[in-house]
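Examining the three-dimensional arrangement
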Amino acid sequence: MQVDKTQVRAVKPFVGMLSKEEQLFDEIKKILEEFLGPTDAESPVWPWYHSDYYENEMGKGLKRKFLFFLDLINPEKLPDIKTRAIEIERKYMEDGRRRINIDPGYIHPAKVVLSTRKDYSHRIYLRDGVYAEVTLHYLDHSFQPFPHTYPDFKSEEYIELFNKIRGDLVNRG
């Protein structure tokens, strides 16, 4: 059975990056732009204190930055973007440890979707070892978290940022 891909809404890709080395953000941005096209928005660099999950591997003092890409994509491209992100992370490893974590996702007017390699009850398998989860949903004029939403994605700063980018996306048509 053929799927009519004209019925699939294009979405806005983004990546969230975590590192204690801020200079890596600009370096990785250039690499990702070769793959995804130019960025049209980015977040400030925020301190990341929401979990100690990455501490053993990446150390303390992590910072977060988001990049949002101009060119919309078909959501089925998410596994390709996640696979490319993992390749970049591996390229920048030092002594078997990541120096940067790159988490791709996309914004749809109704939701924010993240990709991951980890299966869990609320995640859907896509392909090539990549899962997706809806981490925020749009309700009452704002993105709202779920119980499973990562703590940082529940923060006022993140929700404000994603609401702004969603507004730009909706106004774009």
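Structure report, in brief.

Cut-offs used in this document
Residues numbered from 1 in each chain as written. Predicted model: local features only at pLDDT ≥ 70, side-chain atom pairs only at ≥ 80, totals over all residues. Heavy atoms only, no water. 1 Å grid on protein atoms, 1.4 Å probe; cavity = no way out; pocket = protein on both sides within 12 Å on 5 of 7 lines; lining within 4 Å. Points joined across faces, edges and corners; volume = space filled by probe spheres on them. Helix = DSSP H or I, 4+ residues; strand = E, 2+ residues; numbered from the N terminus. Nonpolar A, V, L, I, M, F, W, Y, C, P; charged D, E, K, R; others polar. Expected span 1.5 Å × (residues − 1). Contact = heavy atoms within 4.5 Å. Pairing = 2+ DSSP bridges. Phe/Tyr/Trp six-rings, centres within 6.5 Å; stacked < 30°, edge-to-face > 60°. Buried < 20%, exposed > 50% of the residue type's maximum accessible area, 1.4 Å probe, protein only. Lys NZ or Arg CZ within 6 Å of the ring centre and 35° of its normal.

Considering the layout of surface pockets
Reported here for the largest pocket is a volume of approximately 570 Å³. The wall of the largest pocket is formed by 27 residues, among which Tyr53, Tyr54, Asn101, Asp103 and Lys118 lie closest to the centre. Counting only elements with at least two residues in the lining of the largest pocket, the list comes to α3 (78-91), β5 (101-108) and β6 (111-116). In terms of residue count, the dominant contributor to the lining of the largest pocket is α3 (four residues). Here the lining of the largest pocket is composed, by residue class, of 11 nonpolar, five polar and 11 charged. Counted as a void, the second largest pocket has a volume near 190 Å³. Together, 13 residues line the second largest pocket, and Pro75, Leu78, Tyr106, Leu126 and Ala132 are the ones closest to its centre. At the level of elements, α3, β7 (124-127) and β8 (130-139) are the ones that each hand at least two residues to the lining of the second largest pocket. Classifying every residue of the lining of the second largest pocket gives nine nonpolar, one polar and three charged.

Details of α3
In this model α3 runs 20 Å from its N-terminal to its C-terminal C-alpha over 14 residues, within 8% of the 20 Å that 1.5 Å per residue would give. Contact partners of the buried residues in α3: β1 (12-19), α1 (23-36), β5, β6, β7 and β8.

Topic: unusual backbone geometry
You will see that Asp128, though not glycine, has its phi angle at about 55°, which is positive. Considering the arrangement of structural elements, one finds Asp128 in the loop between β7 and β8.

What to know about the pairing of strand β9 (residues 142-145)
Both faces of the sheet carry side chains from a regular strand, because those side chains alternate between them. In this structure, β8 lies alongside β9, joined through four bridges in antiparallel fashion. By the bridge assignment, Leu139 is partnered in β9 with Ser142. Connecting the antiparallel pair β8 and β9 is a turn made up of two residues, with Asp140 showing a positive phi of about 55°.

What about the packing of aromatic side chains?
Applying the stated criterion across every chain, the model contains 14 aromatic pairs. Aromatic side chains Phe14 and Phe68 sit 5.8 Å apart centroid to centroid with 35° between the ring planes, which places their arrangement in the tilted category. Of this pair, Phe14 sits in strand β1 while Phe68 sits in strand β4 (residues 63-69), and the two are 54 residues apart along the sequence. With a centroid separation of 5.1 Å and an interplanar angle of 90°, the aromatic rings of Phe66 and Tyr158 are classed as edge-to-face. On the criterion of sequence distance, the pair formed by Phe66 in strand β4 and Tyr158 in helix α4 (residues 156-172) is long-range, its members being 92 residues apart. Just as Phe66 is buried, Tyr158 falls in that class too. One cation-aromatic arrangement involves Lys77 over Phe35; the distance from NZ or CZ to the ring centre is 5.1 Å. Against the face of Tyr138 rests Arg166, its NZ or CZ located 3.4 Å from the ring centre.

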